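Working through the structure, step by step
Each chain, letter by letter, is given below.
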Amino acid sequence: MPTVEFAPALTRHVACPRQEVGAATLAAALDAAFRAAPALRGYVLDEQGAVRKHVAVFVNGQMIPSRSDLTRALQPQDSVMVIQALSGG
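Summarised in this report is the structure supplied together with it. (Residues numbered from 1 in each chain as written. Predicted model: local features only at pLDDT ≥ 70, side-chain atom pairs only at ≥ 80, totals over all residues. Heavy atoms only, no water.)

A separate point is unusual backbone geometry. At Asn60, a position not held by glycine, the phi torsion is positive, near 55°. Tracing the chain through its elements places Asn60 in the loop between strand E3 (55-59) and strand E4 (62-63). (Helix = DSSP H or I, 4+ residues; strand = E, 2+ residues; numbered from the N terminus.)

Right under this line is the structure:
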């Protein structure tokens, strides 16, 4: 089963350990993780269901190309990591 993990910058707000989820898509994997920690949804997704500007989602170490398209298929061995992106200058 794919795994979903949230970086410490997010889990300091809402406890959510690494999870194995039965999900065929990225959206379904995130939904499963949010069922375990519903408050994380608001930190990760905006009102339209897209990944927030200052959050990055990686699948197998590669950042997803679109914040709004979470239909990417997942394989059982895939790893999803959600981090709070850094910004500044």
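That was the structure; now back to the text.
Let us look at the pairing of strand E1 (residues 3-6). In this structure, E1 lies alongside strand E2 (residues 19-20), joined through two bridges in antiparallel fashion. Considered in E2, the bridge of Val4 is made with Gln19. Sheet topology note: the E1/strand E5 (residues 79-84) ladder contains four bridges and is parallel. Across the sheet, the residue bridging to Val4 is Val80, located in E5. (Pairing = 2+ DSSP bridges.)

With that out of the way, let us pick up the side chain of Gln19. In this structure, Gln19 sits in strand E2. Look past the residues within four positions of Gln19 in its chain and what remains in contact with it is Pro2, Thr3, Val4, Ala32, Ala33 and Ala36. (Contact = heavy atoms within 4.5 Å.)

Tallied over the entire structure, the rule returns three salt bridges. The shortest N-O distance in the salt bridge between Arg52 and Glu47 comes to 3.6 Å. Its relative accessible area of 27% is what places Arg52 among the partly exposed residues. (Salt bridge = Lys/Arg side-chain N within 4 Å of Asp/Glu carboxyl O. Buried < 20%, exposed > 50% of the residue type's maximum accessible area, 1.4 Å probe, protein only.)

Let's shift gears to the nonpolar core. Membership of the largest hydrophobic core comes to 26 residues, with the highest contact counts inside it found for Phe6, Leu26, Leu40, Val44, Val80 and Val82. Of all the elements in the fold, those that place two or more residues in this core are E1, helix H2 (26-36), helix H3 (40-44), E3 and E5. In terms of residues, this core owes the most to one element, H2, which gives six residues. Residue contacts for Leu26: discarding those within four places in its chain leaves Val57, Val59, Ile64, Leu70, Arg72, Leu74 and Val80. (Core = buried A, V, L, I, M, F, W, Y, C linked by side-chain atoms within 4.5 Å.)

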